[in-house]
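Listed below are the residues making up each chain.
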Amino acid sequence: MSTPLGTPGESTIIEVRVRYAECDAMGYLHHARYWEYFEQARTERLRMNGFRYRDLEAQGCFFVVYKAAIRYVLPIRYDDLVRVTVTVARVTRTRVDHTYSIERDTQHTCEASTTLACVGRDGRPQLMPPALWGEA
């Protein structure tokens, strides 16, 4: 079943140029910034399917990170142009699993995964809104 979140195997790719302020003292992309790139790719994926995350929040629908894992393979440096790929791994009525990869030129630099849970304003788990699930 296709949803605005996507179906397993669907991917979105964005390009990001590493800014100086995102790097550590050695000129490498700081490890925490990878997660920001992944979030940017997820947000663009949602936008491409007709949803803005801030509109979901206004309706009381929030996605919190339940689980996250990453494996760094090669460093990324200041001014590198990288391709961030987000792939939908699983979608249920209450959670979304994604996998990620970043490439610089043709080199694989990292891989990661997240599980996002849908919660309400009170932080308690809730079902996703019907429109987000693909219902009218």
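Residues numbered from 1 in each chain as written. Predicted model: local features only at pLDDT ≥ 70, side-chain atom pairs only at ≥ 80, totals over all residues. Heavy atoms only, no water.

Draft legend 1. How the structure looks around the pairing of strand 3 (residues 81-91). Pairing of strand 1 (residues 11-17) with strand 3 involves 7 bridges; the strand directions are antiparallel. Pairing of valine 16 across the sheet is with valine 82, part of strand 3. Relative to strand 4 (residues 95-104), strand 3 is paired through 9 bridges, and the arrangement is antiparallel. The residue bridging threonine 85 from the neighbouring strand is serine 101, located in strand 4. Connecting strand 3 to the next strand, strand 4, in antiparallel fashion are 3 residues. (Pairing = 2+ DSSP bridges. Helix = DSSP H or I, 4+ residues; strand = E, 2+ residues; numbered from the N terminus.)

Draft legend 2. Summary view of the sheet that holds strand 2 (residues 62-72). Strand order in the open sheet formed by 5 strands is 1-3-4-5-2, with antiparallel pairing between adjacent strands. Each of the sheet's edge strands pairs with one partner strand only, and the pair in question is strand 1 and strand 2. Adjacent strand axes in the sheet meet at a mean angle of 25° when their direction is disregarded. Across 10 bridges, the pairing between strand 4 and strand 5 (residues 107-119) is antiparallel. Across the sheet, histidine 98 pairs through a bridge with threonine 114, a residue of strand 5. Helix 1 (residues 33-48) contacts strand 1, strand 2, strand 3, strand 4 and strand 5 of the sheet and is inclined by roughly 130° relative to strand 1. (Axes fitted to C-alpha atoms, helices over the stretch in contact; angles between N-to-C directions. Contact = heavy atoms within 4.5 Å.)

Draft legend 3. Expanded view of the layout of surface pockets. As a volume, the largest pocket reaches approximately 270 Å³. In terms of lining, the largest pocket is formed by 13 residues, of which the most central are Arg42, Leu46, Tyr53, Phe63 and Leu116. For the lining of the largest pocket, the secondary structure elements donating two or more residues are helix 1, strand 2 and strand 4. Taken together, the residues of the lining of the largest pocket sort by class into 8 nonpolar, 2 polar and 3 charged. (1 Å grid on protein atoms, 1.4 Å probe; cavity = no way out; pocket = protein on both sides within 12 Å on 5 of 7 lines; lining within 4 Å. Points joined across faces, edges and corners; volume = space filled by probe spheres on them. Nonpolar A, V, L, I, M, F, W, Y, C, P; charged D, E, K, R; others polar.)

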